[in-house]
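Each chain is listed here by its residues.
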Amino acid sequence: MKRGMSKLLSILLIATLVFTSASVAFAGTEEGQAVGGTAASVKNAAAVQPAKIGDRAAQIKTALERKNLTWFEISNESDFDRFGNGIVDGEVIYTADDKVGDYPGYAKAINLPAKGVLIMRGRAMLDSVTGAYFGLYKDSALRNKVDTDSYSSPTDTASKTTIIQVPAAGTYYLGVHSTYKNFAGYAGITVEAGYINGGDKTISNKQKVLVGQKSAQANYFKFNAKNTGYLSVVNAADEYDKVTLCNSKKKALSNSVYAKYATFGVKKGTYWIKVDSDYNSKGNYTFQVNYTKIKEKSGTKRAKAVSLKKNKTVKGTITAGSKQTDWYKFKLKKDSKIKSLTLKGGTNGKIEAKIYNSKGKAVSAKTASISYNGYRYSLYTSGKIKKGTYYIKVYNANKKHSGYYTLSWK
C-alpha cells in the first residue's frame, strides 16, 4: 500500500474481507474426494463472531492484513437451511489501487472437487462509490466468468443471488470487481458463497443426498441391495426426469422412465441409478430412493408352482433385466367362477398375470396387469370353470420392465 494511501485510510471507510467458511466431508462422493480451500467446520464456523473493533480505521487495517475469500460446502438440506444466516458472511472492500486485471477488485483461487453448483449472494455497501460484479471465474484477472455472474449497486435494498453451474473439478477464482477502472474512495460488497457437489454419489436406503445441478446433466447413484426386493425413487429434481436402472458396470437393465414411475425389482447386488435431469432454476435437488426387501416363495416354472389359497395374498418381485416368471397354483373342488384375480404393486413398465388350466391353456384371453405405479386391471371369468387345478403365471411384458406385486384371487 502506498504511503499516501495509508493516510487516506485514516479518512476513508476502507475494509476488506471478513469471511468465515466451513468444510463438510464429502460423504459418499464418487467424484473428487479431495477438498481444498475451505477453513473450519460448520460447527466451528457457526460460533465465529466478528471482531469487536470500535475504531473503523483500526478495523480496516486488521481486515487488510487478513484477506481471505473461500467457500462453504452445502452437503445436505440442513446446511442449505443455515446458508445465508451469517455462517459465511463477510465484506470485500477495495480501492482503485487494488487491481485484478483491468478493474479494481479482489480474487481468490479455490479448488472445487467436482462438477456442481456455486450459489453466491452479494449486496453492494450503501456508502460505496460504485457497485460491484461478483461471481466465479476461470482466471485471476476475472475476465472469463464461469456460467454467469451478478451485479449489485449501492442503491440495491436486498442481496442479489447468482447460481453458477460448475462444469468440472478444478481451480477457479472467487472474485468481485468494480465497473469503473478509477475512482476516488472505495467500493465494498458483502458476499457469501456456497458450493453444492454435483458429482456421482453412493447412497443408502432412504438417505437424502443434495445434488448441485443447474444445466441439464446426468448423474449416477450407486446402491447396494442386500437382498431381493424393490427400490423406488421418491425424490428427484423433477418427477419427469428420466431414470434408468443399471448394473454394476453401468449397463442399462431397464428402460428410461419418468422419476415418478421409477420402481425397479432387484436381486442382491450392486446397482447404479442413472438420472438425466433437465434445466433446474434452483441449482440443486434432493435425491432419495426407498428400498424394500421381499421374501418371496413362488415357482420358477409351472411344474414347481406354489399353492395359493383363496383370499390369501402373496408378495413377489420381477427383477430387472430378467425373463423371470413366477408360478402359483390353486385347486377348485367344484365348478366355480373366478370373481377376481387381483394384481397390485409398482413397476417401471408392466407386470401381468394369467390363469392356465392343467394342460397349459389360458382360461381367459385377458390378463390381470399393473402398469407403472398406478393403473391396474383385475382378471375375472365370465362364467364358471370346471373343477380342477389351475395355475397363475406372473411375468413382465418386457425384460426391461420390473417391480414388485401382491397377488390374490377369490
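Note that the structure is predicted; figures quoted are calculated from it, not measured.

Asker: Which residues make up the sheet that holds strand E12 (residues 209-212), and what values go with them?
Answerer: Strand order in the open sheet made by the four strands is E12-E19-E14-E17, with antiparallel pairing throughout. The open sheet is flanked by E12 and strand E17 (263-266), the only strands paired with a single partner. In this sheet, neighbouring strand axes are inclined to one another by 30° on average, regardless of whether the strands run parallel or antiparallel. Pairing of strand E14 (residues 229-235) with E17 involves four bridges; the strand directions are antiparallel. Across the sheet, Gly229 pairs through a bridge with Val266, a residue of E17.

Asker: Tell me what's going on with the side chain of Asn284, and back it up with residues and numbers.
Answerer: One can find Asn284 in strand E19 (residues 284-293). In this view, Asn284 contacts Phe80, Ile196, Leu210, Val211, Gly212 and Gln213; residues no more than four positions away in its chain are not counted.

Asker: Mind laying out unusual backbone geometry, listing which residues take part and the relevant values?
Answerer: One non-glycine residue, Asp147, adopts positive backbone phi at about 70°. Here the phi dihedral of Lys206 falls at roughly 65°; this positive angle occurs in a residue that is not glycine. Along the polypeptide, Lys206 turns up in the loop between strand E11 (201-202) and E12. Of the residues examined, Lys206 reaches a relative accessible area of 52% and is grouped as exposed.

Asker: Hey, could you go over the nonpolar core for me, with residue numbers and the actual values?
Answerer: Core analysis: the biggest nonpolar cluster contains 26 residues, and Leu112, Leu118, Met120, Leu136 and Leu174 have the highest contact counts within it. Taken together, the elements giving at least two residues each to this core come down to strand E2 (90-94), strand E4 (103-112), strand E5 (116-124), strand E6 (132-137), strand E8 (160-166), strand E9 (170-178) and strand E10 (187-197). Element by element, the count of residues in this core is highest for E10, at five residues. Leave out the neighbours within four places in its chain, and Leu174 touches Leu69, Thr70, Trp71, Tyr106, Ala107, Lys108, Ile110, Leu118, Met120, Gly135, Leu136 and Ala193. Listed in part, the 24 residues of the second largest apolar core include Val211, Leu231, Val233 and Ile273.

Asker: Outline the sheet that holds strand E23 (residues 341-347), listing residues and values.
Answerer: Taken together, the three strands give an open sheet; going across it, the order is E21-E28-E23, and neighbouring strands pair in antiparallel fashion. In this open sheet, the two strands that pair with only one neighbour each are strand E21 (314-318) and E23. Taken over all neighbouring pairs, the strand axes of this sheet differ in orientation by 25° on average, direction set aside. Of the pairings in the sheet, the one linking E21 to strand E28 (residues 403-409) comprises five bridges and is antiparallel in character. Note that in E28 the partner of Lys315 across the bridge is Thr406.

Asker: Before we move on, could you go through the pattern of salt bridges and cite the residues and values that matter?
Answerer: What the rule picks out here adds up to eight salt bridges. In this structure, the salt-bridge partner of Lys250 is Asp200, at a minimum N-O distance of 4.0 Å. Placement of the pair is Lys250 in the loop between strand E15 (242-246) and strand E16 (257-258) and Asp200 in the loop between E10 and E11, with a sequence separation of 50 residues. Of the charged contacts, one joins Lys274 and Asp276 as a salt bridge, the two residues approaching to 3.9 Å between their closest N and O atoms. Under the relative-accessibility criterion, Lys274 is labelled partly exposed at 23%.

Asker: Requested: an account of the pairing of E12, with residues and values cited.
Answerer: Residues Val209 and Val211 point to one face of E12 and Leu210 and Gly212 to the other, with burial holding for every one of them. For E12 and E19, the ladder comprises four bridges, and the chain directions are antiparallel. Counted as the bridge partner of Val211 is Tyr285 from E19.

Asker: An account of the confidence of the model for the protein is needed here, citing residue identities and associated values.
Answerer: For the protein, the mean per-residue pLDDT works out to 82, and 81% of the residues sit at or above 70. A low-confidence stretch, residues 1-54 stays under pLDDT 50, and its non-local contacts, those more than four residues away or across chains, total 124 contacts.

Asker: If you had to explain the environment of Glu91 to someone new, which residues and values would you point to?
Answerer: Along the chain, the position of Glu91 falls in strand E2. Taking the C-alpha atoms as reference, Glu91 lies 6.2 Å from Val191; in sequence the two are 100 residues apart.

Asker: Outline the packing of aromatic side chains, listing residues and values.
Answerer: In this description, a pair of aromatic rings is defined by centroid distance and the angle of the planes. Counted by the stated rule, this structure contains eleven aromatic pairs. Aromatic ring contacts, followed pair by pair, group Phe330, Tyr390 and Trp409 into a single cluster. Sitting over the ring of Trp272, Lys250 keeps its end group 4.5 Å from the ring centre. The ring of Tyr391 carries the charged tip of Arg302 above its face, separated from the ring centre by 5.7 Å.

Definitions and cut-offs
Residues numbered from 1 in each chain as written. Predicted model: local features only at pLDDT ≥ 70, side-chain atom pairs only at ≥ 80, totals over all residues. Heavy atoms only, no water. Pairing = 2+ DSSP bridges. Helix = DSSP H or I, 4+ residues; strand = E, 2+ residues; numbered from the N terminus. Axes fitted to C-alpha atoms, helices over the stretch in contact; angles between N-to-C directions. Contact = heavy atoms within 4.5 Å. Buried < 20%, exposed > 50% of the residue type's maximum accessible area, 1.4 Å probe, protein only. Core = buried A, V, L, I, M, F, W, Y, C linked by side-chain atoms within 4.5 Å. Salt bridge = Lys/Arg side-chain N within 4 Å of Asp/Glu carboxyl O. pLDDT = per-residue confidence, 0-100. Phe/Tyr/Trp six-rings, centres within 6.5 Å; stacked < 30°, edge-to-face > 60°. Lys NZ or Arg CZ within 6 Å of the ring centre and 35° of its normal.

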